[in-house]
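Here is how the chains run, residue by residue.
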Amino acid sequence: MTTTVARRAAAVVADPKQHARTIAEAVDEAWHTRYGGSRIEVPISVVAALALVAREAPDADQLAVLEETMLRLDEEGFASLMTRLWCEWALVRPDLLPRTKYLWSWIDDDPDPTTLRAVHGVGQAALRKGVLARCGPDAWGEADLLGMLLQAMKSRGARNGIGQFLTPESVTMLLGRMLGPQEGARILEPCAGTGTMLLGAAQSMRENGLDPTACEWWANDIDQLAAACCAVNFHLWGLGWRVVVGCGDGLQDRWMHDALAERQAAIDEVQRSWRQAAQIAAVRRLLDLPHPGDPLAAAMKRARPKPPPPPPAPPASSTFDAEAVYRQGSLF
């Protein structure tokens, strides 16, 4: 009988940036070999969802079990996982929902078999390269994984077509560190990209014993995908709730007004959904109706690794008569 043992989550590489590049390259190859050069928001969505769930993991041991379970999911089970993670994200961070919708809208399109196969391949590649360890409870906020992934997946022609010239991460991180914001400050970045400069500022604050959540963080980018990654990064990097992410022309202040309006509309919509869900649950309890089956729960249960069996008990001492063996002269 074959026994499956949960392996420990991949160790965090000493250099966070190099580890992030390794993950980005593996995901880029997995997507383009299975799907092609278009719809790069889909693989970035997969990595973002895995990073979000890793960020909330309680410890490395549970992260290892989770990693092994995800690796064992089939294509449909993994797609169900992506749907559940983004639905839960909508409930947890409705304030960032307007920006991140560009990442997860593919789920609403009833993905075809080719997309499901590519999504599963991307997830496998990211997990095997240690995405959970890179974004887990002991390693978050060290590198802009989504920014590196976006740069790796966007072709040079696509960047030139929209006049997008990305500043090297090392430069933007250094500029952020030079800001040196104090608690209570308002930090605005109208051309934020995926937010790397703001990550540098947050790192500088933490190194000086300051709390970045005490600041207001305002970011904007004209690229929908970059703005979506920035919104996810704000949560991954622990910048708190005083954050606003827009998508528009950074040379005008209109993006700030639009971002605030969209933010409030999303919060109101999620609150309405919560109330409706509570009403439906109350009716089910009142009428004693069965709960609908959960395909993701069934898939996770099938994929969860089984613990190793206990070792066999040692033989009882009565099965070995040392005195008799010694008398026969066969002991030595």
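Scroll up to find the structure.
Residues numbered from 1 in each chain as written. Predicted model: local features only at pLDDT ≥ 70, side-chain atom pairs only at ≥ 80, totals over all residues. Heavy atoms only, no water.

Participant: Explain the pairing of strand β1 (residues 186-189) residue by residue, including any values.
Facilitator: Where burial is concerned, the two faces of β1 differ: the one with I187 and E189 is buried and the one with R186 and L188 is not. Here β1 pairs with strand β2 (residues 216-220) via four bridges, running parallel. From the neighbouring strand, L188 faces β2, where its bridge partner is W218. Note that the unit made of β1, helix α11 (residues 196-207) and β2 has a crossover that is right-handed. (Buried < 20%, exposed > 50% of the residue type's maximum accessible area, 1.4 Å probe, protein only. Helix = DSSP H or I, 4+ residues; strand = E, 2+ residues; numbered from the N terminus. Pairing = 2+ DSSP bridges. Right-handed = clockwise from strand over helix to strand, strands pointing away.)

Participant: How would you sum up the nonpolar core? Please name residues and give values.
Facilitator: The biggest cluster of nonpolar side chains holds 81 residues, and the ones touching the most others in it are L50, M82, W86, V131, W217 and F234. Per element, the largest residue contribution to this core is 10 residues, and it comes from helix α2 (residues 41-55). Apart from residues no more than four positions distant in its own chain, L50 is found in contact with M70, F78, M82, G123, A126, L127, V131 and L132. Judged by nonpolar contacts, the second largest core, of five residues, contains W218, V244, W255 and M256. (Core = buried A, V, L, I, M, F, W, Y, C linked by side-chain atoms within 4.5 Å. Contact = heavy atoms within 4.5 Å.)

Participant: An account of the pattern of salt bridges is needed here, citing residue identities and associated values.
Facilitator: Applying the stated criterion to the full structure yields 10 salt bridges. A salt bridge links R134 to E142; the shortest N-O distance between them is 2.7 Å. The buried category is assigned to R134, whose relative accessible area is 3%. Taking the shortest distance from any N to any O, the salt bridge between E216 and R186 comes out at 2.8 Å. One end of the pair, E216, is in strand β2; the other, R186, is in strand β1, and 30 residues separate them in sequence. The structure contains a network of salt bridges with shared partners spanning R39, E41 and D109. (Salt bridge = Lys/Arg side-chain N within 4 Å of Asp/Glu carboxyl O.)

Participant: Hey, could you go over the packing of aromatic side chains for me, with residue numbers and the actual values?
Facilitator: Under the counting rule described, the total for this entry stands at three aromatic pairs. Consider the rings of W218 and W255, whose centres lie 6.4 Å apart with planes at 70°: the pair is edge-to-face. Pair noted here: W218 is in strand β2 and W255 is in helix α13 (residues 254-287), with a separation of 37 residues, a long-range link. Using a relative accessible area of 8% as the deciding quantity, one classes W218 as buried. Sitting above the plane of the W140 ring, R55 keeps its charged end 3.9 Å from the centroid. (Phe/Tyr/Trp six-rings, centres within 6.5 Å; stacked < 30°, edge-to-face > 60°. Lys NZ or Arg CZ within 6 Å of the ring centre and 35° of its normal.)

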